[in-house]
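Here is what each chain is made of, one letter per residue.
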Amino acid sequence: MKVPRPWSARAWLDTAHVMIGLPVAVLLAGSTIVAIVVPPVLRGGLPLFTRLQRSRFEVFLGARIPPVHTPGNLRSAVTWRQIGYHLLSPVVGLVGAVLVALTWGGAVVGLLAFLPARIERPPLQFEFDLRDGRVVVVFMAAGFALLLLAPVLARGMAALDLFVARTLLGPSRSELGQRIETLTESRAGVIDAADAERRRIERDLHDGAQQRLVSLAMNLGLARATLTDLPEPAREAIERAHEEAKQALKELRDFVRGLHPAVLNDQGLDAALSGVAARAPFPVRLRVDIERRVTPTIEAVAFFIVSEALTNIAKHAAAKRAEVSVRREHDRLHVLVHDDGCGGARMDAGTGLRGLAQRVDAVDGTLRLSSPLGGPTTIEVDLPCA
Amino acid sequence: MRVVLAEDSVLLREGLIRLLDASGMTVVAAVDEAEGLLRAAEEHRPELVITDVRMPPTHTDEGLRAALVLRRQQPGLPVLVLSQYVEERYAAQLLASAADGGVGYLLKDRVADVTEFIDALRRVASGGTALDPEVVAQLIVRGDSHPLERLTPREHEVLQLMAEGRSNAGIGQALVLSEGAVGKHIGNIFTKLDLSPAEGDHRRVLAVLQFLKIRSSP
């Protein structure tokens, strides 16, 4: 831990936290006792007290204590943990405030020990003479030591206070576990929903825009083929329109493929990947060994990985060939993409690989990259597919 | 020529009817689902069937399955399958349904190139094949060690055009080769794929069929 200097803002914030903590704690402890006796006060008051303490930690220490849902009745463990904190905090607060006040006070007194030497009559009778130079030096040394100690002590007391508060006001271990479970579930839900949305958009485009464009391109083609006796400019216009319609159709098809290829839904990874491999501008050796189909989400992630990796290879690797293998082993799906390109791919360089890693992370998979300068590059991905 | 058409998108169906009419073909029945296709083909005995792959009710591959049923019921009935995407398993199933041609499998977008599309239709109707270039490209990337790997890049190109259903003259035109050179390449392909001359005129289809079969048998 970095030792705070006595003149730093940190030192003063810690000190303020500890000093203000005592009166606040005493006040809240009193209120809490009243609240226990008068249950209606408990319901409204306890969350308020807790909020107050939480805001003190946030303002002075910049520490966020995760809020918990307070049922506001005495049957709940959460309530009792909070009551526990409010009753315990005056003790912690008192110890802290006294120690911190004494150190700062000692520091000030010690450092000002040279002043009494000029005062004619010392206000108190000591065994030793404060006007003696050696005594003054000892006092000032002690004062200096206390000055250095004070911020550390304030830090420590604040940390102790924070620890107690986190334990009693924050969520307990089992609650955290539950929360992680909920988060994992909701994350999976979000991913599945996004995936379903992609499939829906694909379907909508297929049933709507794509059909319309095919029809348009066909009609233009028909016009081009039959209206041969038109004046030159009109024929040229039709030809251009026809070419543009075909181009738009191709672009839309490529877009839909990137979004979520229909073939992935209907035929699975094997079929979808052979389409991707066929479109790569270099030879791709593809092996897919999947007996039972995996979930649509995992299929989508695996498809995305291979298609992104091949796109990356085409863009950057100057590879002559690539190899893709997808294998299912029990509850894991292994995806391997290998190329003989120039290597030097880095996780932190482009957005492409980072995007891959994020997609893999989102489903709790792992991604390993090996890409020495001069190649070859291998991306290995492991996805859960229980 | 009498054609039965199955396509669930009204827009495309009407467009195709217009297109076929303009090219001198007659659409004797146009339906929007697979059951209707089977009934119409039974009733009208067409010279060509054109069907979409994805159709109601499940929107997966009913059109293709209907096509396979038709090929069984009326051997030699020329069938052209249109699809939003190409998948070699579909092509393999189609071709495996009869080695004597009369099948086509094209990406829907190809409809836009009217002249080429009509050519493909006529080719299929007269017992030839019309495979989408994308299907062939997919077949070629399949990396398991099969005889295809022995082909040179040029032979690959020739096979690709062959699989699309082109004649030697057509292949020569596309690759800027003499017909004689094309014939030599095709001869090499047959040798490398172990197709003996005894198998006769269908070797062109068999060449495509062979690696389709290699792929579809796991």
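The rules we used
- All residue numbers here refer to positions counted from 1 along the written sequence of the relevant chain.
- Both sets of labels track the order of writing: A upward for chains, 1 upward for ligands.
- For this predicted model, a pLDDT threshold of at least 70 governs which residues receive local features, and a threshold of 80 or more governs which side-chain atom pairs are given and counted, while totals over whole chains, interfaces and linings are taken from all residues.
- Only heavy atoms go into the side-chain values, all of them from the structure, while hydrogens and water stay out.
- UniProt positions are given in the numbering used here, feature names are shortened, and annotations may be inferred rather than shown by experiment.
- Here a residue-residue contact requires only that any non-hydrogen atoms of the pair lie within 4.5 Å.
- Accessible area that two parts lose when put together, with a 1.4 Å probe and added across both, is what the buried area reports.
- Salt bridges are identified by distance alone: a Lys or Arg side-chain nitrogen within 4 Å of an Asp or Glu carboxyl oxygen.
- In protein, a polar contact requires one atom able to donate a hydrogen and another able to accept it; more generally it is a pair of N or O atoms within 3.5 Å, and residues adjacent in sequence count only if both atoms are side-chain atoms.
- Numbered from the N terminus, helices here are DSSP runs of H or I no shorter than four residues, and strands are runs of E no shorter than two.
- Each residue receives one of three labels: charged for Asp, Glu, Lys and Arg, nonpolar for Ala, Val, Leu, Ile, Met, Phe, Trp, Tyr, Cys and Pro, and polar for the others, Gly being one of them.
- Relative accessible area decides the class of each residue, using a 1.4 Å probe on protein chains only: under 20% of the type maximum gives buried, over 50% gives exposed, and in between gives partly exposed.

- Under the annotation held in an unreviewed UniProt entry, chain B carries the name Transcriptional regulatory protein DegU and is attributed to Nonomuraea coxensis DSM 45129.

- As annotated in an unreviewed UniProt entry, chain A is histidine kinase from Nonomuraea coxensis DSM 45129.
- You can read under Catalytic activity (unreviewed entry) in the UniProt record for chain A the words "ATP + protein L-histidine = ADP + protein N-phospho-L-histidine."

## Overview of the interface of chain A and chain B
Right, on to step 1. Residue-level contacts link 34 residues of chain A with 35 residues of chain B.
Right, on to step 2. Summed over both partners, the interface of chain A with chain B buries about 3000 Å², with 51% contributed by carbon and sulfur atoms.
Right, on to step 3. On inspection of chain A and its partner chain B, the count reaches five salt bridges.
Right, on to step 4. Glu134 of chain B is the salt-bridge partner of Arg253 of chain A, the closest N and O atoms lying 3.3 Å from each other.
Right, on to step 5. Counting the contacts that link chain A with chain B gives 10 residue pairs in polar contact (both at pLDDT 80 or more).
Right, on to step 6. Those elements that place two or more of their residues in the side of chain A that touches chain B are helix 5 (173–226), helix 6 (232–259), helix 7 (262–267), helix 8 (269–279) and strand 1 (284–289) of chain A.
Right, on to step 7. The greatest single-element share of the side of chain A that touches chain B, amounting to 13 residues, is contributed by helix 5 of chain A.
Right, on to step 8. Class assignment of the residues belonging to the side of chain A that touches chain B gives a composition of 13 nonpolar, 10 polar and 11 charged.

## Here's the deal with the UniProt feature "modified residue: 4-aspartylphosphate" (unreviewed entry) in chain B
All names here are of chain B.
Right, on to step 1. Using the residue numbers shown here, the UniProt feature "modified residue: 4-aspartylphosphate" (unreviewed entry) corresponds to Asp52.
Right, on to step 2. Topologically, Asp52 is positioned in strand 3 (residues 48–52).
Right, on to step 3. Look at Asp52 and you get buried, because its relative accessible area is 2%.
Right, on to step 4. Non-local contacts of Asp52, meaning those with residues more than four positions away in its chain, are made with Ala6, Glu7, Asp8, Gly63, Leu64, Leu82, Ser83 and Lys108.

## Considering unusual backbone geometry
Right, on to step 1. Residue His330 of chain A is not a glycine yet carries a positive backbone phi of 50°.
Right, on to step 2. For His330 of chain A, a relative accessible area of 72% gives the class exposed.
Right, on to step 3. Positive phi outside glycine occurs at Val176 of chain B, with the angle close to 55°.
Right, on to step 4. Within the secondary structure, Val176 of chain B is located in the loop between helix 8 (168–175) and helix 9 (179–192).

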